[in-house]
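# Descriptive analysis of the structure
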Amino acid sequence: MSIQENLLEIKATLPSQVTLVAVSKTKPVADLMKAYGAGQRIFGENKIQEMSEKWEQMPKDIQWHMIGHVQTNKVKFMAKYVHLIHGVDSLKLLSAINKQAMKHNRVIDCLLQMYIAEEESKFGLDENELKEILHFLQNDTNGMQNIKIVGLMGMATFTANQNQIKKEFLHLKTLFDKYSTLKTKNCQLKTISMGMSGDYQLAIDCGSTMVRIGSSIFGSR
Ligand SMILES: *Cc1c(COP(=O)(O)O)cnc(C)c1O
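My aim in this report is to walk through the structure given alongside it, one point at a time. (Residues numbered from 1 in each chain as written. Predicted model: local features only at pLDDT ≥ 70, side-chain atom pairs only at ≥ 80, totals over all residues. Heavy atoms only, no water.)

## Observations concerning the site of the ligand
Here is the rule: Whether a residue is near a molecule or strand depends on its heavy atoms: it is near if one of them lies within 4 Å of it. Polar contacts, as counted here, are pairs of nitrogen or oxygen atoms within 3.5 Å of one another; within protein the pair requires one atom able to donate a hydrogen and one able to accept it, and residues that are adjacent in sequence qualify only if both atoms are side-chain atoms. Any residue outside Ala, Val, Leu, Ile, Met, Phe, Trp, Tyr, Cys, Pro, Asp, Glu, Lys and Arg is labelled polar, Gly included; the first ten of those are nonpolar and the last four are charged.
Taken together, Val23, Lys25, Ile67, Met153, Met155, Met196, Ser197, Arg212, Ile213, Gly214, Ser215 and Arg221 make up the full set of residues near the ligand. A distance of 2.6 Å separates an oxygen atom of the ligand from a polar atom in the side chain of Lys25. The backbone of Gly214 places a nitrogen or oxygen atom 2.8 Å from an oxygen atom of the ligand. Across the shell around the ligand, the residue classes break down as 6 nonpolar, 3 polar and 3 charged.

Written out as structure tokens, the structure reads:
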């Protein structure tokens, strides 16, 4: 099937409250333009340089999501255009994003990445670290006027065990429900970013509102 067909087929199955991020990392602009032609306006990349090159070449009504791990010294390369940063996992990174956003007179939306998998390799916060960051943001004099925390993101363990994946997704949903009642000037959890090609249907059943799908749209990498 073509990229257009893959995209339209997936979109047809998504409930209306679920946002599709088309994960286009490693794929050429020509492939992204096929998805664009089929109406897709949200793309996810995991490397800032690659995302910036694509941003320069492609139509400006695209929303670019950074879904990879971000180094603080690279934030400046995407600060003027990035729409949502999924992988925020420290106050240090948050304050680097705030500083760069300020230079461009913007407020940059961020998701806090939670550690939900049973794998050493996955980045993310545990509940205590999440609480610390939320607590910090409750203080209105925190100086972070140029970021907004709009939700949580998580990645399940890479396994065929559906029960395991489900358990991890439900853990993220539980955290979301627990902390989404908290509203401050620069924090209100609305989005749960979870689910990829192999597990997005399960993620939606567990409460996901944003799925990040790459290979099922663009083919394997
Ligand atoms: C690559 C990637 C995806 C998409 O993975 P697919 O299995 O190709 O759908 C989703 N989220 C993150 C963080 C990724 O790095």
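Having seen the structure, we can now continue with the description.
## Overview of the pattern of salt bridges
The criterion, for reference: One side-chain nitrogen of Lys or Arg within 4 Å of one carboxyl oxygen of Asp or Glu is enough to make a salt bridge. Each residue is assigned to one of three classes by its accessible area relative to the maximum for its type, calculated with a 1.4 Å probe on protein chains only: buried under 20%, partly exposed between the two thresholds, exposed over 50%. The secondary structure listing takes helices from DSSP runs of H or I that are at least 4 residues long and strands from runs of E that are at least 2 residues long, numbered from the N terminus.
Going through the model one piece at a time under the given rule, you end up with 6 salt bridges. The partner of Glu45 in a salt bridge is Lys54, with the nearest N and O atoms 2.8 Å apart. The exposure class of Glu45 is buried, given its relative accessible area of 0%. Residue classification places Lys54 among the buried positions, given a relative accessible area of 5%. In this structure, Glu50 engages Lys54 in a salt bridge whose closest nitrogen and oxygen atoms are separated by 2.7 Å. On the criterion of helical spacing, the pair formed by Glu50 and Lys54 is a turn pair, its members being 4 residues apart in helix α3 (residues 48-57). Here the salt bridges do not stand alone but share partners, grouping Glu45, Glu50 and Lys54 into one network.

## Observations concerning unusual backbone geometry
Positive phi, normally seen in glycine, also occurs at Thr26, with a value near 70°. Relative to the elements of secondary structure, Thr26 occurs in the loop between β1 (19-23) and α2 (29-37). With a phi close to 55°, Asn105 is a non-glycine residue in the positive phi region. For Asn105, the location among the structural elements is in the loop between α4 (91-103) and β5 (108-114).

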